[in-house]
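Commentary on secondary and tertiary structure
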Amino acid sequence: MNHNDHVRLLQNGVPRPGGVWADLGAGEGAFTLALAELIGPVGTIYAVDRDGRARQSLEKTMRRLFPQITLHTIQADFTRPLSLPPLDGVVMANSLHFVANKGPVLQQVKGYLRKGDGRLENGRLLIVEYNSDQGNHWVPYPFSYQSWVKLAQQNGFSHTEQLATYPSRFLHEIYAAASW
Ligand SMILES: C[S@@+](CC[C@H](N)C(=O)[O-])C[C@H]1O[C@@H](n2cnc3c(N)ncnc32)[C@H](O)[C@@H]1O
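Residues take numbers from 1 onward in each chain, read along the sequence in its written order. For this predicted model, a pLDDT threshold of at least 70 governs which residues receive local features, and a threshold of 80 or more governs which side-chain atom pairs are given and counted, while totals over whole chains, interfaces and linings are taken from all residues. Note that water and hydrogens are dropped before the side-chain values are worked out from all heavy atoms of the structure.

For the rest of this paragraph, the subject is the overall build of the protein. Runs of H or I in DSSP of at least four residues are treated as helices and runs of E of at least two as strands, each being numbered from the N terminus. When its secondary structure is counted, the protein shows five helices and seven strands. Traced from its N-terminal end to its C-terminal end, the protein shows the element sequence α-β-α-β-α-β-β-α-β-α-β-β. Taking 16 Å as the expected radius of gyration for a compact globule of 180 residues, we find that the protein reaches 15 Å, a close match to that expectation. Taken along the three principal axes of its C-alpha coordinates, the protein extends 40 × 40 × 30 Å. Here the term buried applies to any residue with accessible area under 20% of the maximum for its type, exposed to any over 50%, and partly exposed to those in between, with areas from a 1.4 Å probe on protein chains only. Taking all 180 residues of the protein together, the buried fraction comes to 52%. For this measure, only C-alpha atoms enter the radius of gyration; the expected value for a globule follows 2.2 Å times N^0.38, where N is the number of residues.

Below, the structure is given as C-alpha cells:
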C-alpha cells in the first residue's frame, strides 16, 4: 500500500478540510500523512504512540511532506486517559487490534469527540483494520467489519458505514469504516 491507497481508504470519512484530529497508534504515520493531505494545512493533528522512535520518524516525515500542518506528537499509551481538546475526528489504523478488551478504550475515544447536532457536526472515529476475527501473533485481536458494526453500536456509536476496502494477502482484506 502506498500513500495514495492510505488516502483513498480514509477520504470518504473526512467531511471537510481543517479541524482537530487525533491518530491513536500512529506509528510512523502512514495514516497521519493521509489525514494531513485530507484535512490540509489549516488542520491540526495529535499523533499518539507509545513508541518514541516511531514518533520521531513521523515528525521528520511530516516536516518534509506537510510542513504547514500543525502536528503534536504524544508518546503515550492510548488505553490510558489522554489530555486532548475536543476532536473532529480520531483515526485508529491497525492499532485497536492490539487491545483485547476494546470497550473501555472506545468509551474513552467517544469522550474525546466533539458533540454536535447531526452527522457532520459530530466527531467521528475512523477505523482501518483487517477484515477478520481470527487473531495471530502479529495481529492478536482483529475484528471484521461485521464485528465492528456491533462493537461500535455497543459502545455508543449509533452510525457506522464502510468507507473502502483494500485487498490484502495477509488476513484477506483491509477495510476502513467511519462511526459517529
Ligand atoms: C501496526 S502499527 C500501525 C501504525 C499505523 N497506524 C499504520 O497503520 O501504519 C501499530 C502501532 O500502534 C502502536 N500501539 C499499539 N498499542 C498501543 C497503545 N496501547 N498505546 C499507544 N500506541 C500503541 C504501536 O506502537 C504501533 O506503532
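A few words now on the nonpolar core. Throughout, nonpolar core names a set of buried Ala, Val, Leu, Ile, Met, Phe, Trp, Tyr and Cys residues whose side chains join them through atoms within 4.5 Å. Grouped together as the largest cluster of nonpolar side chains are 31 residues, with contacts concentrated most on Met-62, Val-91, Leu-126 and Val-128. Contributions of two or more residues to this core are made by helix H1 (3-11), helix H2 (30-39), strand E2 (44-49), helix H3 (52-65), strand E4 (89-93), strand E5 (124-130), strand E6 (160-167) and strand E7 (173-179). Per-element tally for this core: the top contributor is H2, with six residues. Sequence-distant contacts of Met-62, that is, excluding residues within four places in its chain, are made with Thr-32, Leu-33, Ala-36, Ile-45, Pro-67, Ile-69 and Leu-71. Core analysis: the next-biggest nonpolar cluster, separate from the first, contains 29 residues, Leu-82, Leu-113, Ile-127 and Phe-157 among them. Between two residues, a contact is recorded if the distance between any of their heavy atoms is within 4.5 Å.

Before going further, it helps to spend a moment on the environment of Gln-154. For Gln-154, the position within the fold is in helix H5 (residues 145-154). Here the alpha-carbon distance between Gln-154 and Leu-106, two residues 48 residues apart in the chain, equals 9.7 Å.

Our next topic: the sheet that holds E5. If DSSP finds at least two bridges between two strands, the strands pair. On the basis of which strands lie adjacent, the open sheet formed by seven strands has the order E3-E2-E1-E4-E5-E7-E6 and mixed pairing. Edge positions in the sheet fall to strand E3 (70-75) and E6, since each of these pairs with one other strand and no more. Taking each pair of neighbouring strands and ignoring which way they run, the sheet shows an average axis angle of 15 degrees. Bridge count between strand E1 (residues 20-24) and E4: three bridges; the pairing is parallel. Bridging across to E4, Ala-22 finds its partner in Val-90. Fitted lines through C-alpha atoms serve as axes, helices being fitted only where they are in contact, and the angles separating the N-to-C directions of these axes extend from 0 to 180 degrees. Of the strands in this sheet, E1, E4 and E5 are in contact with helix H4 (residues 103-112), which crosses E4 at around 150 degrees.

Centres within 6.5 Å make a pair out of two Phe, Tyr or Trp rings, where for Trp the six-membered ring is used; the pair is then stacked when the planes are under 30 degrees apart, edge-to-face when over 60, and tilted otherwise. Counted under the stated rule, the structure contains three aromatic pairs. Judged by centre distance (5.3 Å) and plane angle (80 degrees), the rings of Tyr-130 and Phe-170 are edge-to-face. Of the two residues, Tyr-130 is situated in strand E5 and Phe-170 in the loop between E6 and E7; the sequence distance between them amounts to 40 residues. With relative accessibility at 32%, the residue Phe-170 sits in the partly exposed group. Centre to centre, the rings of Phe-143 and Trp-148 are 5.6 Å apart; their planes meet at 40 degrees, and the pair counts as tilted. Summarising the burial analysis for this pair, Phe-143 and Trp-148 share the class buried. Charge over a ring is defined by NZ of Lys or CZ of Arg lying within 6 Å of the ring centre and within 35 degrees of the ring normal. Of note, Arg-124 hangs over the ring of Trp-180, and the distance from its end group to the ring centre comes to 5.4 Å.

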